[in-house]
Structure formats: C-alpha cells, structure tokens
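# Secondary and tertiary structure notes
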Amino acid sequence: ANSTVTTRMWCGFENVVIASSGKSFAISTAASGKGHVLTAAPAPVDLGNMDDDVPAATAQQEREQRFPADRLGAMLRTHLEGAEASNEHDKAMIIDCVNQDLGGFDLANSKLRVMAAVALFALSTVTSETVKLLNQAKEIYQLK
C-alpha cells in the first residue's frame, strides 16, 4: 500500500519537522473509505468515550487497532529524497532545508522510519522485517 508521507515530499518534510521539534505527532490515512489516525496521546474522540466509563487511553488503543499497519510498513522504507513534489521550487527549498537545517536525508529518513516503528510497536504489529529495516538506518534517531 502507498503512504503519502513516503511518496509526497511535502508530507514527509512536515513530519520530519514535527519529529525534529519534539512535538507530538499524528499519522493519518484512509482505507476502504474510512479515516484512521494514530496519535501520541488520546484524541478528543477518545475523551468523548468517557461517558461510557471507558478510559481515554483504552479508547485510543481500540481506535488505533483499526489503523492499517501496511501504511506504517511503507514508512519504514522511506526515501524522502526520491519523493515527488508538484512544484519544483518547493522541492528545491525542501531539499536545501533538509540538507542545511535538518541533518540531511539519512537522518530525515531515519526520523520517519522511527515514527513508523513507534506506531507499529504501539499497535503490537512489529515484525522481524520491522527490526531489519530499522537496523538499515544510517543514523540512529530517537523521538523525544
């Protein structure tokens, strides 16, 4: 399955900037006409389940179990430098920013892969392939 964060340069770049800043992130996708979101903390929809005496963390976990793990698998193979951009000026700006301000593409790709791996661990869908792909990273990166 395709993952926009791995094929569209702006999408990947935005996620690298978020990871670099240490801010909480959300990963969203659509599958079979339904939206799915992974969040670092319970989302407002999870808090709405409090009326049902379901703890927000439990509601978050139940919501995230429906996230299509194959989209995260695509993020483990990220090569942001090869992603597409509809505007060549934007692409050049992003390439310059990644190289000059964000430590280069090896580190940027590693950040995206770690974001995916963290989400896969949270979903309890880590495979030996996940570990192999992370071990291929040029540089180790840790989310804050």
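This text follows the structure it describes.
Description of the structure in this document. All values reported here derive from a predicted model rather than from experimental measurement.

Criteria and cut-off values
- Residues numbered from 1 in each chain as written.
- Predicted model: local features only at pLDDT ≥ 70, side-chain atom pairs only at ≥ 80, totals over all residues.
- Heavy atoms only, no water.
- Pairing = 2+ DSSP bridges.
- Helix = DSSP H or I, 4+ residues; strand = E, 2+ residues; numbered from the N terminus.
- Salt bridge = Lys/Arg side-chain N within 4 Å of Asp/Glu carboxyl O.
- Buried < 20%, exposed > 50% of the residue type's maximum accessible area, 1.4 Å probe, protein only.
- Phe/Tyr/Trp six-rings, centres within 6.5 Å; stacked < 30°, edge-to-face > 60°.

### Digging into the pairing of strand 2 (residues 34–39)
In terms of strand pairing, strand 1 (residues 26–31) meets strand 2 through 6 bridges, oriented antiparallel. Bridge pairing in strand 2 places S28 opposite V37. Between the end of strand 1 and the start of strand 2, which pair antiparallel, lie 2 residues, with S32 showing a positive phi angle near 55°.

### Some words on the pattern of salt bridges
As enumerated under the stated definition, the model contains 3 salt bridges in all. Residue D46 pairs with R63 through a salt bridge whose shortest N-O separation is 2.7 Å. With D46 in helix 3 (residues 44–47) and R63 in helix 4 (residues 56–64), this pair connects stretches of sequence that are 17 residues apart. Summarising the burial analysis for this pair, D46 and R63 share the class buried. Here E64 ties to R63 by a salt bridge, and the two come within 3.8 Å at their closest N and O atoms. For the pair E64 and R63, one class covers both residues: buried.

### Topic: the packing of aromatic side chains
Applying the stated criterion across every chain yields a total of 1 aromatic pair. Relative to F13, the ring of W10 lies with its centre 5.7 Å away and its plane at 75°, an arrangement referred to as edge-to-face. With a gap of 3 residues between them, W10 and F13 both fall in helix 2 (residues 9–21), about one helical turn apart. F13 sits in the buried class, given a relative accessible area of 9%.

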